[in-house]
Amino acid sequence: MANWTFDPSQYKEKNFEIIPQGDYRARIADVVEKTFNSGNSGYEITLDINGYNSKMWTYLVLDASNPAQTNQRIGEFFDSFGIKGTSMGSGKQWIGNVGAVRIKHEAYKGENRAKVAYVIARNRQENLAPWKGGN
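In this report, the structure presented in the accompanying data block is examined. Since the model is a prediction, treat every value here as computed from it, not as a measurement.

## Regarding the overall build of the protein
Phase 1 of the analysis: The number of helices and strands found in the protein is one helix and five strands.
Phase 2 of the analysis: Along the chain direction, N to C, the helices and strands of the protein fall in the order β-β-β-α-β-β.
Phase 3 of the analysis: Dimensions of the protein, computed from the C-alpha atoms along their principal axes, are close to 55 × 40 × 35 Å.
Phase 4 of the analysis: At a minimum sequence separation of 6, the contacts of the protein that also span at least 24 residues come to 53%.
Phase 5 of the analysis: When the accessible area of the protein is evaluated, it comes to approximately 9,100 Å², of which 49% is carbon and sulfur surface.
Phase 6 of the analysis: Side-chain charges of the protein comprise 17 positive and 14 negative groups, with the mean position of each set lying 2 Å from the other.

Structure below.
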């Protein structure tokens, strides 16, 4: 049995507000290689969003049945986050890179949820607030 005495005075309720729709700088916080329900392999990418303590996720699915579309999505992701080269590796080497994403809201089980709609091209990020760090 775990040996711990809970101290309720150290508990603070957290209210995670939904990130408003719009364009945001984002930093890659983690990358996990995985196999998706479709059977395709790829990457689950955890993002820190500038100005928010919430995490968002985006996915790079490697679809061998559609190499042109897959390479387009990889190219858009690499461009947005300033990733050079063509080696995919584990994706861990991308951690810390800063790019930008469009956040949209979608209904899920009767609630609106924020979701990454797409990554934003590097040449369209100049008007976004600079990355503040932290998170």
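## Quick look at the nonpolar core
Phase 1 of the analysis: In this structure, Phe77 and Trp94 are the most contacted members of the largest nonpolar core, which totals 22 residues.
Phase 2 of the analysis: Residue assignment for this core shows that the elements contributing at least two residues are strand S1 (22-35), strand S2 (41-49), strand S3 (55-62), helix H1 (67-80), strand S4 (98-108) and strand S5 (111-119).
Phase 3 of the analysis: Those residues in contact with Phe77 that sit more than four places away from it in its chain are Ile28, Ile45, Leu60, Ile83, Trp94 and Val119.

## Quick look at the pattern of salt bridges
Phase 1 of the analysis: All told, the structure shown has seven salt bridges when counted by the stated rule.
Phase 2 of the analysis: Note that Arg102 and Asp23 form a salt bridge whose closest N and O atoms lie 2.3 Å from each other. Taken together, the residues span a long stretch of sequence, with Arg102 in strand S4 and Asp23 in strand S1 at a distance of 79 residues.
Phase 3 of the analysis: Note on Arg102: relative accessible area 28%, which makes it partly exposed.
Phase 4 of the analysis: Between Asp48 and Arg27 there is a salt bridge whose closest N-O contact spans 2.7 Å. Note that Asp48 is positioned in strand S2 and Arg27 in strand S1, a separation of 21 residues in sequence.

Rules of the game
Residues numbered from 1 in each chain as written. Predicted model: local features only at pLDDT ≥ 70, side-chain atom pairs only at ≥ 80, totals over all residues. Heavy atoms only, no water. Helix = DSSP H or I, 4+ residues; strand = E, 2+ residues; numbered from the N terminus. Contact = heavy atoms within 4.5 Å. Areas by Shrake-Rupley, 256 points an atom, 1.4 Å probe, with all protein chains shown as cover. Lys, Arg positive; Asp, Glu negative; His and termini not counted. Charge placed at Lys NZ, Arg CZ, Asp CG, Glu CD. Core = buried A, V, L, I, M, F, W, Y, C linked by side-chain atoms within 4.5 Å. Buried < 20%, exposed > 50% of the residue type's maximum accessible area, 1.4 Å probe, protein only. Salt bridge = Lys/Arg side-chain N within 4 Å of Asp/Glu carboxyl O.

From the geometry alone we can't say anything about function, so treat these as descriptive.
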